[in-house]
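The lines below spell out each chain.
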Amino acid sequence: ADQLLLILVDGLGYELIQEYAGHTPTLRRMRDDIRSIHTVVPSTTAAAITAFGTGERPGTTNMVGFSVAYGGGVMNLLAPTEWQPVPTYFERLAAAGVASAVISPARFAGSGLTGAALRGARHVPAETLDDRVSAALRELRAGTPVVYLYWSEIDHAGHGSGVGSDSWIGALEEFDA
């Protein structure tokens, strides 16, 4: 392919798609094409996104969660980019002359997790889902070969209110729409 659009929806897995299909008419129409994949252990956002961004397991990337015991204290893994030594796919693409863009909220630009998992791509800030989709389409129309769109709102709603809550279902339905 000349271009690739990756959409990572944090907090939405195969089983949840199946269980809440009644709330997702768009995903439901693609049901036969949806395949189950497995995440890493531990299945934290930091571990999983870094594994996705590097192709390596958390033990190799040192990204096992948001914090670890280190030097007699607790170190936040989202702060030191140096903690994660594995080149990302985006760095490897850049070294091969292939441009890429990561679309996520402005507050994620320069964050430790973004640096650990997605460094090598140009960050395109966009807040709402509509803004992110529009930014992705702009990037594709401009010819950017690899575009990654991150959507964390379903995961946030799940942590804040619980899977299946009104807040979580609202976030799911917004994404599906």
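No experiment lies behind these values; they were computed from the predicted model shown.

(A) Spotlight on the overall build of the protein chain. Per the secondary structure count, the protein chain includes nine helices and six strands. On C-alpha atoms alone, the protein chain measures out to a radius of gyration of 17 Å, which is about the 16 Å that the 2.2 N^0.38 rule sets for 177 residues. With respect to the principal axes defined by its C-alpha atoms, the protein chain has extents near 50 × 40 × 30 Å. Of the contacts made within the protein chain by residues no fewer than 6 positions apart, 55% connect residues no fewer than 24 positions apart.

(B) Local environment of the packing of aromatic side chains. Scanning all chains against the criterion turns up four aromatic pairs. Taken together, a centroid distance of 6.0 Å and an interplanar angle of 55° make the contact between Phe108 and Tyr150 tilted. Here Phe108 is found in the loop between strand 4 (100-104) and helix 6 (112-118), whereas its partner Tyr150 is found in strand 6 (residues 146-151), with 42 residues between them in sequence. Judged by its relative accessible area of 17%, Phe108 falls in the buried class. What links up through ring pairs into an aromatic cluster is the set Phe52, Phe90 and Tyr148.

(C) Quick look at the pattern of salt bridges. Summed over the entire model, instances satisfying the criterion amount to four salt bridges. Glu153 is the partner of Arg132 in a salt bridge, and the nearest nitrogen-oxygen pair spans 3.1 Å. Of this pair, Arg132 sits in helix 7 (residues 129-141) while Glu153 is found in helix 8 (residues 153-161), placing the two residues 21 residues apart along the sequence. For Glu153, a relative accessible area of 23% gives the class partly exposed.

(D) Expanded view of helix 7. The end-to-end C-alpha distance of helix 7, which contains 13 residues, comes to 18 Å, matching closely the 18 Å that a straight helix rising 1.5 Å per residue would cover. Of all the positions in helix 7, only Leu129, Arg132, Ala135, Ala136, Glu139 and Leu140 are classed as buried. Looking straight down helix 7, one finds its buried side chains confined to an arc of 135°; they lie on one side. What points out from helix 7, more than 90 degrees from its buried face, is the exposed set Asp130, Arg138 and Arg141. Summarising the contacts, the buried residues of helix 7 are in contact with strand 1 (4-9), strand 4, strand 5 (122-125), strand 6, helix 8 and helix 9 (166-176). Looking one or two places after helix 7, you find Gly143, whose phi comes out positive at around 95°.

(E) Spatial organisation of the pairing of strand 5. Sheet analysis places strand 4 next to strand 5, joined by four bridges and oriented parallel. Its bridge partner lying in strand 5, Ser104 is registered against Pro125. Tracing the backbone out of strand 4, into helix 6 and back to the parallel element strand 5 gives a crossover that is right-handed.

(F) Spatial organisation of unusual backbone geometry. A cis amide bond links Val41 to the next residue, Pro42, at an omega of 0°. In this structure, Asn62 is a non-glycine residue whose phi angle is positive, near 70°. Looking at where Asn62 falls in the secondary structure, it is placed in the loop between helix 4 (58-61) and strand 2 (67-70).

(G) Quick look at the nonpolar core. Counting residues in hydrophobic clusters, the biggest one holds 25 residues, and the most contacted among them are Leu12, Ile103, Trp151, Ile154 and Trp168. Elements represented by at least two residues in this core include exactly helix 1 (14-19), strand 4, helix 7, strand 6, helix 8 and helix 9. Top contributing element to this core by residue count: helix 9, with five residues. Contacts of Ile103, omitting those with residues within four sequence positions, involve Val124, Ala126, Arg132, Ala135, Ala136, Glu139, Val147, Tyr148, Leu149 and Tyr150. If you look at the next biggest cluster of nonpolar residues, it comprises 14 residues, including Leu8, Met63, Leu113 and Tyr148.

Reading the values: rules and limits
Residues numbered from 1 in each chain as written. Predicted model: local features only at pLDDT ≥ 70, side-chain atom pairs only at ≥ 80, totals over all residues. Heavy atoms only, no water. Helix = DSSP H or I, 4+ residues; strand = E, 2+ residues; numbered from the N terminus. Rg over C-alpha atoms; globule rule 2.2 N^0.38 Å. Contact = heavy atoms within 4.5 Å. Phe/Tyr/Trp six-rings, centres within 6.5 Å; stacked < 30°, edge-to-face > 60°. Buried < 20%, exposed > 50% of the residue type's maximum accessible area, 1.4 Å probe, protein only. Salt bridge = Lys/Arg side-chain N within 4 Å of Asp/Glu carboxyl O. Expected span 1.5 Å × (residues − 1). Arc of directions from axis to C-beta. Pairing = 2+ DSSP bridges. Right-handed = clockwise from strand over helix to strand, strands pointing away. Core = buried A, V, L, I, M, F, W, Y, C linked by side-chain atoms within 4.5 Å.

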